[in-house]
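Geometric and topological summary
One-letter residues, chain by chain:
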Amino acid sequence: MHRRHFLKTAAMATAASMCVSRGGAAPQADAFIEIMADEGLGEISPLLYGQFTEHIGGVIYDGLWVGEHSKIRNYHGLRAELVDHLKKIHVPIVRWPGGCFADSYNWRDGVGPLAKRPRHANFWEVEPDAQRLHEQGPQIFEPNEFGTDEFVRFCQSIGAEPYLAANVRSLPSLEFDHWVEYCNSPAGSTSLAELRAEGGSHDPYKVRWWGVGNESWGCGGNFLPEDYASEFRRYSTWIPSFGVDLQLVGSGPNDNDLDWTHRFFENIFGSNHPYDNRHFKGWSVHHYAAHGEQALRFEDSSWYQVLKECDYVEQIIEDQWSVMGQYDKEHRVRLVVDEYGPWYMEGTELDPTHIFGQQVTVRDALATALTLDTFNRHPEKVCMGTNAQLVNNINALFLCHEDKFLATPNYHVFGMYAGHQGGQALRANFSAPNIHFNHEGKSSTLWGLNGSASRKGNVITVTAVNADAHSPKLTRLKLRGMNIQQVTGTALFAADMHDHNTFEDPTAVQPATLRADLSGGEVNVTIPAGSLVKLELTVG
Ligand code: AHR
């Protein structure tokens, strides 16, 4: 038996034996979960489970796009293994082409006959990581082999909606209108619809979601909030709709910068020249937990610190929501967290061309899981989330190079959490002793257990993270307002906190069945140390 599988089985056995009640009495619990089946918080938008793909490093080239003539198995140029995996986890939306790249991108370069598409310097050419590359490949000089048609076909092949980010920094607003026209004008109606047909699609793409710039406070133009608000008004005032209910996303703050949000919203909603555009639906927020160490080199204190920094997304959601509500009284605009994840120093990328590529450990899976749980707890505030980024990048679901491919622990998180999509979020309390730790000489605290719950028909999905790297939690779960008839459990954890999947051992970290006992209407389950779990309750 493989060493890791042995350890995992041993840990499961310990966990299972802890569930056995002594002398018929319920065992002492370390942690509690209480779910209110009759207190719905709102529908969990499936769009919270989206992904982000940018023309950076190995995301597109060597990642999801291998080209039609590649020896690597592909569907019209799309890496087949990646597409096959994505179909299993129901990805609802994918953001593209950036990121910072978006504000340097001319969509016209990526449409029309392949042989005529121009080559231009990629935005990330300036990145020190790119400077060290000997080969001046597609990461440096963008070949535009992958453009709008290829991206939309990718989305269609996995059943996802496209979410496009328009260039506000370096293209005129008319080009935004024309990109919408290229994507959405009816077959045969415009010259751009004919160009689209030549590219393979008579039918319009009906793209609903459009970002109006990206990080406009930084790489997207270095604007002041008032100046960006003027640009936003201009770019979004008249966009051809072709019957599509466009959903426009404004470029929100750097992390939790409240000043940016105050000043933008004041200008848009609060000024004596208010802006009333029903298509303005989303306010983008980016939150990275940036760390000055490599993804695989860390000790206990960093395990907790990274989780704590990712957990800060809840504060951001609450703070931003409260500021937005001061101006947008009816909350017509909701939050779109379209970049998030732990971001480490270079050194674990699988190929030098993978700028910002990094390994993904079980710790990162917990960070992703606690972020998704946070979104689930705020269904009225957050309408979309896209993880940064899908492949060969910061918080990837996949790592691949040439013909080698693996799914990271993050892939399994999205698989385990998919049951929440479209469910009714339920009020739930998770309690366990806090974790106290020291990081860089400062004492700090993190919750021991947190999670989310949702209901779809007669199934309640509960997901939870045990942040404690060393102690399993014997947990008692109670459901108010309904009866539990059956329970099944799944857990993702590892013998060592640095564990991750490699080309040699691609299944080192993967979900395993978790024993959960139903007795007296309650569930007793031992949640392994440093794990994320899913419990599915059949209720009546
Ligand atoms: O995801 C990498 C980069 O991080 C994105 O291009 C940018 O939006 C953010 O700063």
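Refer to the structure printed above.
Calculation rules
Residues numbered from 1 in each chain as written. Predicted model: local features only at pLDDT ≥ 70, side-chain atom pairs only at ≥ 80, totals over all residues. Heavy atoms only, no water. Helix = DSSP H or I, 4+ residues; strand = E, 2+ residues; numbered from the N terminus. Expected span 1.5 Å × (residues − 1). Buried < 20%, exposed > 50% of the residue type's maximum accessible area, 1.4 Å probe, protein only. Pairing = 2+ DSSP bridges. Axes fitted to C-alpha atoms, helices over the stretch in contact; angles between N-to-C directions. Near = heavy atom within 4 Å. Polar contact = N/O pair within 3.5 Å; in protein donor to acceptor, adjacent residues only side chain to side chain. Areas by Shrake-Rupley, 256 points an atom, 1.4 Å probe, with all protein chains shown as cover. Nonpolar A, V, L, I, M, F, W, Y, C, P; charged D, E, K, R; others polar. 1 Å grid on protein atoms, 1.4 Å probe; cavity = no way out; pocket = protein on both sides within 12 Å on 5 of 7 lines; lining within 4 Å. Points joined across faces, edges and corners; volume = space filled by probe spheres on them. Contact = heavy atoms within 4.5 Å.

Turning our attention to helix 5 (residues 173-184). For helix 5, spanning twelve residues, the distance from its first C-alpha to its last is 17 Å, which sits close to the expected 16 Å at 1.5 Å a residue. Listing the buried residues of helix 5 in full gives Ser173, Glu175, Phe176, Asp177, Trp179, Val180, Glu181, Tyr182, Cys183 and Asn184.

So, on to the sheet that holds strand 1 (residues 31-43). Taken in spatial order, the ten strands of this open sheet run 23-22-26-20-19-16-1-21-25-24, and their pairing is mixed. Across the chains shown, the open sheet's two edge strands, defined by having one partner strand only, are strand 23 (512-514) and strand 24 (516-519). Strand-to-strand twist in this sheet, taken as the mean axis angle between neighbours without regard to direction, amounts to 25°. With eight bridges connecting them, strand 19 (residues 449-456) and strand 20 (residues 459-466) associate as antiparallel partners. Its bridge partner being in strand 20, Gly451 is matched across the sheet by Ala464.

As a further point, take the site of the ligand. Around the ligand lies a shell of 13 residues, among which Glu54, Cys100, Glu215, Tyr288 and Glu339 are the nearest. Taking Glu215, its side chain carries an N or O atom lying 2.8 Å from an oxygen atom of the ligand. Here Tyr288 contributes a side-chain N or O atom positioned 2.8 Å from an oxygen atom of the ligand. Alone, the ligand offers 280 Å² of accessible surface; in the complex the protein occludes 93% of this. Elements with a minimum of two residues in the shell around the ligand: strand 11 (280-294) and strand 12 (334-345). Within the shell around the ligand, the residues separate by chemical class into six nonpolar, four polar and three charged.

Unfilled space is identified by rolling a water-sized probe across the atoms. Applying the stated criterion across every chain yields a total of five cavities of 30 Å³ or more. Contributing to the lining of the largest cavity are Ala102, Tyr105, Trp107, Ala165, Ala166, Asn167, Leu171, Pro172, Glu175, Phe176, Trp179 and Tyr235. Looking at the lining of the largest cavity, the elements with two or more residues in it are strand 8 (161-166) and helix 5. Ranked by the residues each element gives to the lining of the largest cavity, the list is headed by helix 5, at three residues. Taken together, the residues of the lining of the largest cavity break down into ten nonpolar, one polar and one charged.

Right, let's get into the environment of Leu258. Relative to the helices and strands, Leu258 is located in helix 8 (residues 258-270). Discounting residues that sit within four places of it in the chain, Leu258 has contacts with Asp319, Gln320 and Val323.

The side chains of a regular strand alternate between both faces of the sheet. Within strand 19, six of the eight residues are buried, leaving the element largely enclosed by the surrounding structure. Pairing geometry for strand 16 (residues 424-431) and strand 19, over three bridges, is antiparallel. For Gln424, the partnering residue across the bridge sits in strand 19 and is Arg455.

Structural measurements only, silent on function.
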